[in-house]
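Descriptive structure summary
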Amino acid sequence: MAPQEITRDVVIIGAGPAGLTAAYRLQQAGHSVAVLEARHRVGGRTWNGDIDGAFIEIGGQWISPDQTELAALVKELGLTTFDRYREGDSIYKNLAGDVIQYNGDTFPVDEATTAEMQRLIGLMDKLTAEVDPAAPWEHPRAKEYDAISFREWLKTQTDNDEARNNISLFIAGAMLTKPEHAFSLLQALLMSSSAGSFSHLVDEDFILDKRVLGGMQKVSLGLAEKIGDDNIVLGHPVRVLRWQEEGDYPVLAEAEDFGEDGVANPEGGVKVRAQYAIMAVPPNLYSRVSFVPSLDRRQHQMHQHQSLGLVIKVHAVYDRPFWRDRGLSGTCFACENLVQEIYDNTNYDPATGEEETRGTLVGFISDEKADLMFTLSEEERKTAILDAMAELIGEEAKNPVTFYLSDWGAEEWTRGAYAASYDLGGLSRWGQYQHDPVGPIHWACSDIAGEGYQHVDGAVRMGQQVAKQLSEKL
Ligand code: FDA
């Protein structure tokens, strides 16, 4: 059987939020689309899981108030949101190892550290306000800010270790998910400007505000339903993208039929002829596709300097949210702890809209600590993680009814979490070219967004932007 061949105005590679938003907006504008997706599901880095009967958001889940394009899409799709639980005290573990219960917006550190943290937050806010998230490379000192690691820069600003570690946590462990020596000050400022301010990143009640009832993947599932099964091909990674074919349809995307068992079916496959292509996959995966003819040297260089960070998202489900009995919100911060952040992630039942009786905690283990975890056996890993959580939130944390680790680093079609950032010097050197179309090929994903960078909102914005550009051309 020869590969099936279809013709559309636009072929979209990747059925994550960016690709599906682009496809839906193009369709609404009267254009025909085909979405080719490697996985056997839509949603990309958003994924609703059912682990032993417990609902788990394996990937992206939170929406903050500045993420207005995503919020509007959620509403348009008829979905609803609910607030993260945040009543009660939080937990902070200081550098000396003391675990302290506190209330309010500032960590319970000594007066000098509080003042230093406030000063650094103010400084980061000031610098952030000077940076346009859509064009950080245009800042007059972009090259200079891109040549120094965030860690080295922070060291020039303060000698207070605890203040420095805490400021780092908000950008490194909690956002870019790389060690703070691995990205530049400019990259850090893109992260904070994309969220409106550095103060927003520090404020967990802002940045981790709402969740979609039924899970964030519902956004992609809702879009896919509108786009229609006939226009989405799952389990078909695009292997070859020809973009200088003769005639009115210069694009030919060749996708392999890839079974759920990981075995390719040489008899199957799909070829899509199109006027335009949208690569809606993270930049670290561009080179998984053979471009014919090849991309130019700038593209080749640029793509090699964008890489995903790494974080393990820990899910621990308990028969009840035991921490609330002690007046705790579930929120914990501990830079030096294996699990650096914990939040109450208790679910709401989509059928009733009521909060479930079971309690869920979600925790995060970032970059080098995540590497370390994968050197352990499964049992050792679980024990280390639950011990670290118990140290912060209580002994009962050691006995979840369900325990699951989101391991995106092992996912063939993602290879890290949450998203991509440039290595030192890359953002100022190549950033201005990252959206440039190559002939009929356009690029859309959260990793190259300005506002909403690294987030689902950024993916939606990129999808909409590229759809608008192509609608004008078609
Ligand atoms: P995405 O990666 O989602 O989609 C790309 C698609 O392309 C995938 O489906 C992939 O399979 C497919 N693909 C790749 N190569 C292909 C090929 N050759 N052929 C065909 N298909 C191909 N965001 C947020 O807003 N709030 C949050 O709380 C979080 N938290 C979070 C936690 C974790 C653990 C992760 C991993 C991520 C988040 N995020 C997040 C980030 C958010 O999930 C992410 O920014 C968006 O899903 C990105 O959407 P895109 O469509 O750009 O890429």
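Residues numbered from 1 in each chain as written. Predicted model: local features only at pLDDT ≥ 70, side-chain atom pairs only at ≥ 80, totals over all residues. Heavy atoms only, no water.

Tallying secondary structure elements over the protein chain gives 15 helices and 22 strands in all. For the protein chain, whose C-alpha radius of gyration is 22 Å, the value lies close to the compact-globule estimate of 23 Å for 474 residues. On the principal axes, the C-alpha backbone points of the protein chain span a range of 70 × 55 × 40 Å. Residue burial in the protein chain is summarised as follows: out of 474 residues, 59% are buried. Relative to all contacts within the protein chain whose residues are 6 or more apart in sequence, the contacts with residues 24 or more apart total 74%. When the accessible area of the protein chain is evaluated, it comes to approximately 18800 Å², of which 47% is carbon and sulfur surface. (Helix = DSSP H or I, 4+ residues; strand = E, 2+ residues; numbered from the N terminus. Rg over C-alpha atoms; globule rule 2.2 N^0.38 Å. Buried < 20%, exposed > 50% of the residue type's maximum accessible area, 1.4 Å probe, protein only. Contact = heavy atoms within 4.5 Å. Areas by Shrake-Rupley, 256 points an atom, 1.4 Å probe, with all protein chains shown as cover.)

To continue, consider the sheet that holds strand S6 (residues 81-83). Ordered by their spatial adjacency, 3 strands build an open sheet running S5-S9-S6, and the pairing between neighbours is antiparallel. Every interior strand has two partners, whereas the edge strands, strand S5 (62-63) and S6, have only one. Bridge count for S6 against strand S9 (residues 210-212) is 3 bridges, and the pairing is antiparallel. Across the sheet, Thr81 pairs through a bridge with Val212, a residue of S9. (Pairing = 2+ DSSP bridges.)

Turning our attention to the pattern of salt bridges. Under the counting rule described, the total for this entry stands at 28 salt bridges. The residue Asp205 makes a salt bridge to Arg84 at a minimum N-O spacing of 2.9 Å. Of the two residues, Asp205 is situated in helix H9 (residues 204-207) and Arg84 in the loop between S6 and strand S7 (89-93); the sequence distance between them amounts to 121 residues. A salt bridge links Arg324 to Asp344, with the nearest nitrogen and oxygen atoms 2.9 Å apart. (Salt bridge = Lys/Arg side-chain N within 4 Å of Asp/Glu carboxyl O.)

Here we come to the sheet that holds strand S19 (residues 359-366). Strand order in the open sheet formed by 7 strands is S8-S7-S17-S18-S19-S16-S20, with mixed pairing between adjacent strands. Looking at which strands have only one partner, the edges of the open sheet turn out to be strand S8 (99-102) and strand S20 (402-406). Adjacent strand axes in the sheet meet at a mean angle of 20°, parallel and antiparallel pairs treated alike. Pairing between strand S17 (residues 328-333) and strand S18 (residues 341-344): 2 bridges, direction antiparallel. Bridged to Phe333 within S18 is Glu341. (Axes fitted to C-alpha atoms, helices over the stretch in contact; angles between N-to-C directions.)

According to UniProt, the "domain: Amine oxidase" (unreviewed entry) feature falls on residues 18-470. With 33% helix and 21% strand, the stretch residues 18-470 has end C-alpha atoms that lie 14 Å from each other. (UniProt positions renumbered as here; feature names shortened; annotations may be inferred.)

This part covers the pairing of strand S2 (residues 33-36). Side chains of S2 alternate between two faces, with Val33 and Val35 and Ala34 and Leu36 buried alike. As defined by bridge partners, strand S1 (residues 4-13) adjoins S2 across 4 bridges and the pair is classed as parallel. If you follow Ile13 over to S2, its bridge partner there is Leu36. Each parallel crossover has a hand, and for S1 linked through helix H1 (residues 17-28) to S2 it is right-handed. (Right-handed = clockwise from strand over helix to strand, strands pointing away.)

Turning our eyes to something else, we now look at the packing of helix H3 (residues 111-129) against helix H5 (residues 150-157). Interaxial distance between H3 and H5 falls to 12 Å at its minimum, and their mutual angle equals 125°. Compared by their axis directions, H3 and H5 come out oblique. The crossing of H3 and H5 is right-handed. Only Phe150, Trp153, Leu154 and Gln157 of H5 make contact with H3, whose side of the interface consists of Glu116, Arg119, Leu120, Leu123, Met124 and Leu127. Residues of the contact of H3 with H5, tallied by class, amount to 7 nonpolar, 1 polar and 2 charged. (Parallel < 35°, antiparallel > 145°, perpendicular 65-115°, else oblique. Left-handed = near helix turned anticlockwise from the far one by under 90°. Nonpolar A, V, L, I, M, F, W, Y, C, P; charged D, E, K, R; others polar.)

Looking now at the domain arrangement of the protein chain. Assigned domains of the protein chain: these are domain 1 (4-46 + 216-295 + 438-473) and domain 2 (81-105 + 203-211 + 310-417). Taking only C-alpha atoms, the centre of domain 1 and the centre of domain 2 are 34 Å apart. The interface of domain 1 with domain 2 comprises 10 residues on the first partner and 6 residues on the second. In total, about 890 Å² of surface goes out of reach between domain 1 and domain 2, with carbon and sulfur atoms giving 58% of it. (Domains from an automatic or database assignment. Buried area = accessible area lost by both parts, 1.4 Å probe.)

A separate point is the nonpolar core. By size, the foremost hydrophobic cluster in this structure holds 65 residues, and its most contacted members are Val219, Leu241, Ile278 and Met279. Look past the residues within four positions of Val219 in its chain and what remains in contact with it is Leu70, Leu73, Val74, Leu77, Leu79 and Val212. By size, the runner-up hydrophobic cluster in this structure holds 58 residues, among which are Ala54, Trp137, Ala142 and Val311. (Core = buried A, V, L, I, M, F, W, Y, C linked by side-chain atoms within 4.5 Å.)

Enumeration according to the criterion identifies 18 aromatic pairs in this entry. Summarising the aromatic geometry, the rings of Phe150 and Trp153 are spaced 6.0 Å apart at their centres and angled 20° between planes, so their arrangement reads as stacked. Residue Phe150 and its partner Trp153 are both found in helix H5; the two are separated by 3 residues, about one turn of the helix. Summarising the burial analysis for this pair, Phe150 and Trp153 share the class buried. Measuring from ring centre to ring centre gives 6.4 Å for Phe170 and Phe198, while their planes differ by 80°; the resulting arrangement is edge-to-face. With a gap of 28 residues between them, Phe170 in helix H6 (residues 161-176) and Phe198 in helix H8 (residues 198-202) connect regions that are remote in the sequence. Residues Phe170 and Phe198 agree in their burial class; the two are buried. Within the aromatic cluster, the residues linked to one another by ring pairs are Trp62, Tyr92, Tyr102, Phe107, Phe170, Phe198, Phe333, Tyr343, Phe364 and Tyr418. The lysine or arginine in question, Arg41, covers the ring of Trp47, its NZ or CZ lying 4.1 Å from the ring centre. The ring of Phe258 carries Arg239 above its face, with NZ or CZ at 5.4 Å from the centroid. (Phe/Tyr/Trp six-rings, centres within 6.5 Å; stacked < 30°, edge-to-face > 60°. Lys NZ or Arg CZ within 6 Å of the ring centre and 35° of its normal.)

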